[in-house]
Amino acid sequence: ALLILTIARQNYPLLFLHLKSLTEPKGFGLRDDITQRAIKFRQLLNKHHKSEGNPGLANFLFLGDLNTMGMDLSYSKKDISGLKEIERLKKRLAIKSVAMDVLDKAHPATWWPGSKSRLKASNLDHVVAAKHLKFKQFGGTSVDVRGWITESSDAKKNAWTKKFSDHCLLYFEVQKV
């Protein structure tokens, strides 16, 4: 979903994504393809921004469940961890015509399937933003993570995930540009 907020005559396009949850090459490839499309959209916004006579690059954020879980290759030592997938994304975002970054979060783990699952909490949800945007800080990070992660016990975390979601909330505030 694309939402464009207009504040003080400035547009802030926010693209909400939910990418493929699969560690097989097919899932990794689909995530890679969609993030590349978000990057191309950023470049299109920059081109339009300049054609309108505006200085600098356009405001843009994409965020959501990016499912950065890496890729497991059968019988291969060339697996890609979730952390490596995030590093690859950051490298792609760093080029001059894109100029974006994955924002730091108060807690890296944002997804948790509950205490009875064999799966561990994972770093799947992210906010990616144009580098020129400034954000309110939450304990030294740009994104506050709220939800099950702040609960004091597994029972309370389980209750939160049952009532709301197995994903935490990502809270951020863009400061005036």
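See the structure shown above.
A quick note: this is a predicted structure, and the numbers were derived from the prediction, not measured. (Residues numbered from 1 in each chain as written. Predicted model: local features only at pLDDT ≥ 70, side-chain atom pairs only at ≥ 80, totals over all residues. Heavy atoms only, no water.)

Peer 1: Give me the lowdown on the overall build of the protein chain, citing residues and values where you can.
Peer 2: Helix and strand counts for the protein chain stand at three helices and seven strands. When the helices and strands of the protein chain are listed from N to C terminus, the series reads β-β-α-β-α-β-β-β-α-β. What you see for the protein chain is a C-alpha radius of gyration of 17 Å, in line with the 16 Å of a compact globule of 177 residues. Dimensions of the protein chain along its principal axes, counting C-alpha atoms only, are 55 × 40 × 25 Å. For the protein chain, contacts bridging at least 24 residues in sequence account for 64% of all contacts bridging at least 6. Averaging the locations of the 30 positively and 17 negatively charged side chains of the protein chain gives two centres separated by 4 Å. (Helix = DSSP H or I, 4+ residues; strand = E, 2+ residues; numbered from the N terminus. Rg over C-alpha atoms; globule rule 2.2 N^0.38 Å. Contact = heavy atoms within 4.5 Å. Lys, Arg positive; Asp, Glu negative; His and termini not counted. Charge placed at Lys NZ, Arg CZ, Asp CG, Glu CD.)

Peer 1: Break down helix H3 (residues 154-163) for me, citing the residues and quoting the values.
Peer 2: All buried positions along H3 are accounted for by Lys157, Trp160 and Thr161. Axial view of H3: buried residues confined to an arc of 95°, hence all on one face. Summarising the geometry of H3, the exposed residues directed more than 90 degrees from the buried face are Ala155, Lys162 and Lys163. (Buried < 20%, exposed > 50% of the residue type's maximum accessible area, 1.4 Å probe, protein only. Arc of directions from axis to C-beta.)

Peer 1: Explain the sheet that holds strand S5 (residues 125-130) to me, and be specific about the residues and the numbers.
Peer 2: Taken in spatial order, the five strands make up an open sheet running S1-S2-S3-S5-S4, and their pairing is mixed. The two strands at the open ends of the sheet, each matched to only one other strand, are strand S1 (2-7) and strand S4 (100-102). Here the average twist between neighbouring strands, direction ignored, is 20°. Taken together, the five bridges between strand S2 (residues 10-18) and strand S3 (residues 61-65) define a ladder with parallel strand orientation. (Pairing = 2+ DSSP bridges. Axes fitted to C-alpha atoms, helices over the stretch in contact; angles between N-to-C directions.)

Peer 1: Tell me about the side chain of Ser142, residues and numbers included.
Peer 2: Relative to the helices and strands, Ser142 resides in the loop between S5 and strand S6 (144-146). Of note is the side chain of Ser142, whose polar atom sits 3.2 Å from the side chain of Gln137. Apart from the residues within four sequence positions on either side, Ser142 is in contact with Leu103, Asp104, Phe135, Lys136, Gln137, Tyr171 and Phe172. (Polar contact = N/O pair within 3.5 Å; in protein donor to acceptor, adjacent residues only side chain to side chain.)

Peer 1: Before we move on, can you summarise the packing of aromatic side chains with the specific residues and values?
Peer 2: When we look at a pair of aromatic rings, we describe it by the centre distance and by the angle of the planes. Throughout the structure, instances matching the rule amount to six aromatic pairs. Both rings, one in Trp160 and one in Phe164, keep their centres 5.0 Å apart while their planes meet at 45°; by these two values the pair is tilted. We classify Phe164 as exposed; its relative accessible area is 51%. The ring of Tyr171 has Arg146 lying over it, and the distance from NZ or CZ to the ring centre is 4.1 Å. (Phe/Tyr/Trp six-rings, centres within 6.5 Å; stacked < 30°, edge-to-face > 60°. Lys NZ or Arg CZ within 6 Å of the ring centre and 35° of its normal.)

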